[in-house]
Amino acid sequence: MSAMDTVTPAVRPAKGGPPAPPAPAPVKRRRRADQRRSSVAAWAAVGVIGLFGLLPVYWMLVTALSPDDRAFRFPPDLFPRAVTLEHFRAFAENEALFRYMLNSVVVASITAVLSVVVSAYMGYSFSKFRYRGRTSLMNFVLASQMFPQALLLITLYAVFSEFGLLNTYAALILSFTTFTMPLCVWMLKGIFDTVPDALLEAAAIDGASRWRTLHTIVAPLAAPGMVAAGLFAFVRGWNDFIFALTLADRDTQTLPPGLVNTYIGEFQTSWPALMAASLIVSLPVVIAFTFLQRYLVGGLTAGAVKS
Amino acid sequence: MSRFRTRQGLAPGTARPGAGLRRRDTLRLLGLGAMGAAGAGALSACAPSGGSGGGGGDASASTFGFSSWSLNEEASKPVVEAIVADWESAEDVSIDAVSYPYNDYLTQLTLKLRGGQVTGAVQLDIAWLGALAPMGRLLDLSDAAARGGYTEAALTSGQYEGTQYGLPWTTASIGLIANSTLLDAAGITEQPTTIEQFEEALRALKDLEGITPYAAATKVAQLKDIFPWMRTFGSTLVEGDTVTIGDDASVEAVEWYKRLYDDGLIAADVDRFDARALFAQGRVGFYDDAVIGKGATIAQASDPALADAMVPVPRPVLASGDAPQALLWGHVIVVVDGEGSDAATEFALHTTSDTATVADYFERLALPPTTAEGLGDPAVAQDAFTTEWTERITATATPGPFWHLTQNAQIEEVVAQQVQAVLVGGSSARDAMNAAREEITGLMER
Amino acid sequence: MTPLIGAARPRRGERLSNTAFALLLTLPGMALFAAIVCYPLIASLVTGFFEQSLVLPGRSFVGLSNYREALQGDFWPVLRQTAVFTLGATAIPFVLGFALALALNSGIRGSGFLRGLFLFPWVIPGVVVSFLWMWIFNANYGVLNGVLTRLGLIEESVGWLGEPGTAMLAVIVTKSWASFPWIMVMMLAALQTVPRELHEAAAVDGSGAIRRFFTVTWPGVRGVAAIAILLEFIWNFQHFDTIYVLTGGGPAGSTETFAVAVYREAFHGFDLGRATALGGLWMVLLLGLVGLYLRMFERETDR
């Protein structure tokens, strides 16, 4: 629940408000039974979905720990019998994979920052101004997602080539930023919607320019939401395969195509090595997200009131 | 800014919030083309005109690219990187290594060749030459080829419509590999040479517990493995511009395949990787693979004796005396016309024909050389499996029926999808093959 | 619902009108859209009226024939499969993600840790997810068959990806696995905006848990749910990786969606004209659907 604390007082639903008046005794008892039931239901849901969500991850781990000759056994060993760290070692020894990882982090991080900046301006415009064409622009942002991206890629490749951006981080970052923008704009617009207009009026009366109001008053209020939007954008840049494959070269390649090129070959699919590598590269992101998740949920909370 | 003002000016009525605005939304959503067109116009106005042509670069430059999927794959990476590095230091050239995953390689290469972004030497699967050569960016390498001492069969694999675009790097074939230990266990004393004997052998193998008698490809990716079987049954598949798939022989082949499938003699959802994995565990009697597959399979095997049990088997024939069918398989290196193409040609020639290099390449990756001298090198000549393979299987191997067409990949997919439809019971062999013929004919006419 | 006031009111002493200022704010984003989406989009749509190859130079105008051809052949089966995939891969993660969000929001212990753990499927690179499930579903040595055999639920291995009946299911399950954490996060955020007091008040009034869900929770999160579903729907319509890696559209074309079909036309058949015509049809279809959805949705929230 700490997530709630990251939301500014102005927009916080009154969670810390006065406690509810004491209920009459019978109702209280019924509520406690109710709560127990719902807690059981909650755990059941977590359990079932947890199996679905986490067993594959467990299986990744088992596979990664299996020697090559045991990985293809049938029926498979559900608990690893022979354990080896060779695949993790092999990952550590492959310098190219570090390069991919670094590229992924750079590309995804800059994508996140750029998306947030661009989307914040746009979201603010949609949220706090009324002008002709506003709805069209909003729909347009959404509509931009509706054409096959593989086909956009063909022309996009030529465009980046003309501007000399091919095989640069910029090509990847600009593409990912654009494709992640609809989500970010929507999230940030929602957050700006919750910033009271009175606050802006007050700033204006105090003589603050619109730019200053946006940057020094509104932006800090929306900061948690920006972090959240940035995390979503990060994942988009982190996960993409086809753009990263096409627009980058060996030096700027990110993890998804890099992993496939390394382990899914002409002659061989190295499942255990692929799983080991994937686990290693995902772990830092999972850890980072675990720490940042209070923003992920809390930051969005403000924006979630409206849509 | 002006663009937006224009758009605003076009918008009818006032921006009164309410029903009117919303009613227009759908229309506006659909009318976005107007705005997009403005954007496109603005962009294309300031963008230089498209498509930088090939052949414009300095052919004598000492910097060139080398595109190869092998440059990144775990197994081949060190070997190929060493070849590149050695050549760089020996010749004082600079090579830009480029790599894409094998499965996406042709797509990526096409896109980049089209954009004029590929220079220098390019590794290709011989099946892809027909897709790339018509783009008109590849160099005729006849002169270099004449200096290489390649075998005739190898040279053929680098030709497209009579022009030598590719220097052969490795030439072999895809054929059957058997597990002789399992065959013994099933009481099969002689290698089956006819389809009839082959099916009997499969049924005998089926009686062993937990065995897939023939790990034939049943996934789309490699279902093109059925082409040699269709040819075995007597179909030519294609004659000139006429597709003959759908004739009795091809239908018979598919019906036979379906029977094997229904009787559990071949398994569902198998591709080459699966077949190797299963074979490595001693659970497969026969499977289709290139000669190099042996190494990949043994790497996964827990029983070192498996290597000795692997034997090449010429594909059984319809009537004894027929030539066994096999699919030619290999890699070539082509050179893109333009920047550094001279140096790239020398690099390609060296890589594919220098005896020490190709012998080492064979020793470390089991990819057979393409020159008479390379094949004669003790490292190669003394490898019994490869020698036997070359003599018994590659000798009668033929190229894929549609390799010379740009649409090869799609055509193979069409056949694969139709065969799959038969296997899973979605349609009869006759209907499916007729449908395939119509679809392929349509594709060829485009 | 927001009153159209506040910053939108013109102010003395600033050079730009409010409208101009607002448009200026959208400019960086719009510039990106123009370059990365609009221009390629227009270029592509134009290609749809030409016979043009990816590998051969030149093109010739053929009018609507690409569209006509695209509408023949596999159009309708592909449309059906796209619908099945898109609906399935939107509904399942939504139900799972929402259920999980409800559970984690009910104040159970360790929910912070669990939330982190459940993010795993979401941050594993998408193609790796596909390969992971390919490995799990494998007919011959996959762990799913292994577990089911051990539990005695099946006698013979099932070729999950090799049978038309199960392949689509497998593809949907895989995609759902990768996206339910995203829905979970969105819905958790939405749930936290529902004031606890409303729940308590409803409980005092004697409403049961299910009733409270429909009278208190759902109205509070409906807006977020609607947009999450919309985005997920659009993305799934667009989705390519999972299907392509897992089944390649097979067996026998039973999992081929528009995304796969377009890719194949363009990159295997090298027929850009046909591919973009198909893409154009897809866009019209999607715009229509989304337009309808938006109208429905706006009418609802207006109440």
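Residues numbered from 1 in each chain as written. Chains lettered and ligands numbered in written order. Predicted model: local features only at pLDDT ≥ 70, side-chain atom pairs only at ≥ 80, totals over all residues.

Peer 1: Explain the overall build of chain B residue by residue, including any values.
Peer 2: A count of helical and extended segments in chain B gives 22 helices and 13 strands. Relative to its full complement of 446 residues, chain B shows a buried share of 53%. Considering only intrachain contacts with a sequence separation of at least 6, the fraction spanning at least 24 residues in chain B is 72%. (Helix = DSSP H or I, 4+ residues; strand = E, 2+ residues; numbered from the N terminus. Buried ≥ 20, exposed ≤ 12 C-beta atoms within 10 Å, placed from the backbone. Contact = placed C-beta atoms within 7 Å.)

Peer 1: If you had to explain unusual backbone geometry to someone new, which residues and values would you point to?
Peer 2: A positive phi angle is found at A:Asn167, which is not glycine, with a value near 65°. Under the C-beta neighbour-count criterion, A:Asn167 is labelled partly exposed, with 19 such atoms within 10 Å. The backbone phi angle of B:Glu161 is positive, close to 45°, even though this residue is not glycine. Relative to the helices and strands, B:Glu161 resides in the loop between strand E4 (159-160) and strand E5 (163-164).

Peer 1: Give me the interface of chain A and chain C: which residues, what numbers.
Peer 2: In this complex, chain A contributes 94 residues to the contact, which on the side of chain C involves 93 residues. Sorting elements by how many residues they give to the side of chain A that touches chain C places helix H1 (residues 25-65) of chain A first, with 17 residues.

Peer 1: Describe the UniProt feature "transmembrane region" (unreviewed entry) in chain C, listing the residues and the values that go with them.
Peer 2: With numbering aligned to this structure, UniProt lists the feature "transmembrane region" (unreviewed entry) at residues 21-42, 83-104, 116-136, 167-191, 212-235 and 275-294 of chain C. For residues 275-294 of chain C, helix accounts for 100% and strand for 0%, while the C-alpha atoms at its two ends are 28 Å apart. (UniProt positions renumbered as here; feature names shortened; annotations may be inferred.)

Peer 1: Outline the domain arrangement of chain B, supporting the account with residue identities and numerical values.
Peer 2: Quoted interface sizes are often the accessible area lost when the parts come together. Residue and element names in this part refer to chain B. By domain assignment, chain B separates into domain 1 (63-171 + 329-398) and domain 2 (173-327 + 401-445). Placing the centre of domain 1 and that of domain 2 at their C-alpha centroids yields a distance of 27 Å. In this assembly, 19 residues from domain 1 lie in contact with 21 residues from domain 2. Counting residues per element, the ones that place at least two in the side of domain 1 that touches domain 2 are helix H6 (129-132) and helix H20 (384-392). A per-element tally of the side of domain 1 that touches domain 2 places H20 first, with five residues. (Domains from an automatic or database assignment.)

Peer 1: Got a sec to walk through the packing of helix H3 (residues 75-105) of chain C against helix H10 (residues 209-238) of chain C? Specific residues and values, please.
Peer 2: Residue and element names in this part refer to chain C. At a minimum axis separation of 9 Å, H3 and H10 run at an interaxial angle of 140°. Considering their axes alone, H3 and H10 lie oblique with respect to each other. In this structure, H3 meets H10 at a crossing whose hand is right-handed. Residues Thr-82, Phe-85, Thr-86, Ala-89, Thr-90, Pro-93 and Phe-94 of H3 form the contact with H10, whose own contacting residues are Ile-229, Glu-232, Phe-233, Asn-236 and Phe-237. Looking at side-chain class alone, the contact of H3 with H10 contains seven nonpolar, four polar and one charged residues. (Axes fitted to C-alpha atoms, helices over the stretch in contact; angles between N-to-C directions. Parallel < 35°, antiparallel > 145°, perpendicular 65-115°, else oblique. Left-handed = near helix turned anticlockwise from the far one by under 90°. Nonpolar A, V, L, I, M, F, W, Y, C, P; charged D, E, K, R; others polar.)

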